[in-house]
Amino acid sequence: TTLHLGFAGHTHAFRIEDRNALSVLEDVFLEDEYAVDVATLDVIFDLGANFGAASIAFAHRWPGAQIFAVEPNPEMFRRLTENAKPYGAITCLNVAVGAADGEADFHVTTDHVGSSFYREGSDARSIKVQVRSLRSLMEQFTLKHVDVLKFDVEGAEELLFQDPQTLQAVGAAVGEVHPDLMAMSPDDFVSRFVDFDVTTAPLFGSRFLLRATRSAA
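These figures come from a predicted structure and were not determined experimentally.

Caption draft 1: Fine view of the packing of helix 1 (residues 19-30) against helix 2 (residues 53-61). Where helix 1 meets helix 2, the closest approach of the two axes is 9 Å, and the angle between their N-to-C directions is 25°. As summarised for this structure, helix 1 and helix 2 are arranged roughly parallel, according to the angle between their axes. Here helix 1 runs over helix 2; the crossing is right-handed. Here Val 24, Leu 25, Val 28 and Phe 29 of helix 1 come into contact with helix 2, specifically with Ala 53, Ala 54 and Ala 57. Looking at the contact of helix 1 with helix 2, its residues break down into 7 nonpolar, no polar and no charged.

Caption draft 2: Looking closely at the sheet that holds strand 7 (residues 102-109). Strand order in this open sheet of 3 strands is 6-8-7, and the pairing throughout is mixed. The strands lining the two open edges of the sheet, one partner per strand, are strand 6 (96-97) and strand 7. The pairing of strand 7 with strand 8 (residues 124-132) spans 8 bridges and is antiparallel. Considered in strand 8, the bridge of Val 108 is made with Arg 125.

So, how was this worked out
- Residues numbered from 1 in each chain as written.
- Predicted model: local features only at pLDDT ≥ 70, side-chain atom pairs only at ≥ 80, totals over all residues.
- Heavy atoms only, no water.
- Axes fitted to C-alpha atoms, helices over the stretch in contact; angles between N-to-C directions.
- Helix = DSSP H or I, 4+ residues; strand = E, 2+ residues; numbered from the N terminus.
- Parallel < 35°, antiparallel > 145°, perpendicular 65-115°, else oblique.
- Left-handed = near helix turned anticlockwise from the far one by under 90°.
- Contact = heavy atoms within 4.5 Å.
- Nonpolar A, V, L, I, M, F, W, Y, C, P; charged D, E, K, R; others polar.
- Pairing = 2+ DSSP bridges.

Quick look at the structure:
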């Protein structure tokens, strides 16, 4: 099934392979979950890009931006690259994000949506994935700043922001926080966003959406 979605004056045809894809599209395009109050920008990182819905929404909203779509799950990465083909501004990277460069076990669930470092179960299979820190990715592409950092990395946000310097180059951040998968409290996680104005909104269970923008000087 193919679904044609209009957004910011543009249309994209998404191939719907499962019900979870509809949920992702609803979050991104109908709920505008990853909206940020930024007028113009140059660099966006989409961490946990899934099949590319948020990256494509960003490409439509900010056509002049350079977008890095990061997705470790090989099956989702295949779908991501297919969706991103019409967009020269989107660079797809088949890696996971973490505290440092290396390799790690990644648990791929049957529905692919909940795949992560942490979720093991009867429906998951483990694969080895390359892990990169945000700082390392920025160095690879000679980037000095990230205007918008979107993250939905199923608990790896604890590792992503482990180094306090990670956020120093970020203008705004928005993403899902998974306290049920992290070894830290929601308050401790939010406290990492020093010099940001932070708002949160509940999602389901203990999970919540965090939106952080640089505090006015």
